[in-house]
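# Structural characterization, general
Residues per chain, in single letters:
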Amino acid sequence: VLRDGAEGFAVPPGRERIPVLVEEAARSGVDAVLHDGLEAPLADPVEQAIGRVAQESLANAVRHASGSSVEVRLAEDGDAVLIEVVSRGGEALDAPELRGSGMGLRMLAERVRMLGGEFEAGPEGDGWTVRARLPGGAQR
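Described below are features of the structure shown in this document. Only a predicted model underlies this, so the values are computations on that prediction, with no experimental measurement involved. (Residues numbered from 1 in each chain as written. Predicted model: local features only at pLDDT ≥ 70, side-chain atom pairs only at ≥ 80, totals over all residues. Heavy atoms only, no water.)

The next thing to look at is the layout of surface pockets. A volume near 200 Å³ is recorded for the second largest pocket. The wall of the second largest pocket is formed by 13 residues, among which N60, A61, H64, S87 and W128 lie closest to the centre. Per-element accounting of the lining of the second largest pocket gives the leading share, four residues, to helix α2 (residues 44-64). Residues belonging to the lining of the second largest pocket are distributed by class as follows: seven nonpolar, six polar and no charged. (1 Å grid on protein atoms, 1.4 Å probe; cavity = no way out; pocket = protein on both sides within 12 Å on 5 of 7 lines; lining within 4 Å. Points joined across faces, edges and corners; volume = space filled by probe spheres on them. Helix = DSSP H or I, 4+ residues; strand = E, 2+ residues; numbered from the N terminus. Nonpolar A, V, L, I, M, F, W, Y, C, P; charged D, E, K, R; others polar.)

Moving on, we get to the pattern of salt bridges. Summed over all chains, the structure comprises ten salt bridges. Here R63 makes a salt bridge to E56, at a shortest N to O gap of 3.6 Å. Looking at R63, the relative accessible area reads 8%, which means it is buried. (Salt bridge = Lys/Arg side-chain N within 4 Å of Asp/Glu carboxyl O. Buried < 20%, exposed > 50% of the residue type's maximum accessible area, 1.4 Å probe, protein only.)

Turning our eyes to something else, we now look at the nonpolar core. I50, L58 and I83 are the most contacted members of the largest nonpolar core, which totals 29 residues. For this core, the elements supplying multiple residues, two or more each, are α1 (18-27), α2, β4 (69-77), β5 (80-88), α3 (104-114) and β7 (127-135). Tallying contributions element by element places α2 first for this core, with eight residues. Those residues in contact with I83 that lie beyond four places of it in its chain are I50, V53, A54, V72, R73, L74, V130, R131 and A132. (Core = buried A, V, L, I, M, F, W, Y, C linked by side-chain atoms within 4.5 Å. Contact = heavy atoms within 4.5 Å.)

All right, on to the packing of α1 against α2 then. It is at 10 Å that the axes of α1 and α2 come closest, and there the two elements cross at 0°. Comparing the axis directions of α1 and α2 gives the class roughly parallel. Between α1 and α2, the residues in contact are I18, L21, V22 and A25 and I50, G51, A54, Q55, L58 and V62, respectively. (Axes fitted to C-alpha atoms, helices over the stretch in contact; angles between N-to-C directions. Parallel < 35°, antiparallel > 145°, perpendicular 65-115°, else oblique.)

Along the chain, E47 falls in helix α2. Here E47 is buried and forms no salt bridge, its nearest opposite-charge partner R15 lying at an N-O distance of 4.9 Å. When sequence neighbours within four positions are dropped, the list of residues in contact with E47 reads P13, G14, R15, E16 and L42. (Lys, Arg positive; Asp, Glu negative; His and termini not counted.)

Before going further, it helps to examine α2. Over its 21 residues, α2 extends 30 Å from the first C-alpha to the last, a length consistent with the 30 Å expected when each residue adds 1.5 Å. With respect to burial, α2 is a largely interior element, 16 of its 21 residues being buried. (Expected span 1.5 Å × (residues − 1).)

Most of β5 is tucked away, with eight of its nine residues classed as buried. In this structure, β4 lies alongside β5, joined through nine bridges in antiparallel fashion. Its bridge partner being in β5, E71 is matched across the sheet by V86. Where β4 hands over to β5, the hairpin turn is made up of two residues, of which G78 adopts a positive phi near 65°. Note that β5 and β7 share nine bridges and pair antiparallel. Paired with S87 across the strands is W128, a residue of β7. (Pairing = 2+ DSSP bridges.)

Structural data, given as structure tokens:
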């Protein structure tokens, strides 16, 4: 669990909250859409990891790429789960409502790697992509 900045602790969002996160991002100034190609239930740590990747990536798009087009893609990749958040266009807000600590992507990378996954984030083409691949995602 992670501190939510207020009282107590908050459980990181899982896959079931990703549609809500996409809607919130859309209301905050990005053209966000979700493509969920996952069928099998996921192990809890993987659920929480993909939820955090989506949450942090969408918050970054709102802060740094207002007006952009953002796609959140969830897919099976062999025995792994792949999440990609791709933003194109937009511009940074002068005074974003959501303030970041600057640690978000580093913390995501650490979380994904602790689960044996791979994480990358950076410029790609005319935008920015965050990609995480998590092994053993499906519950058996």
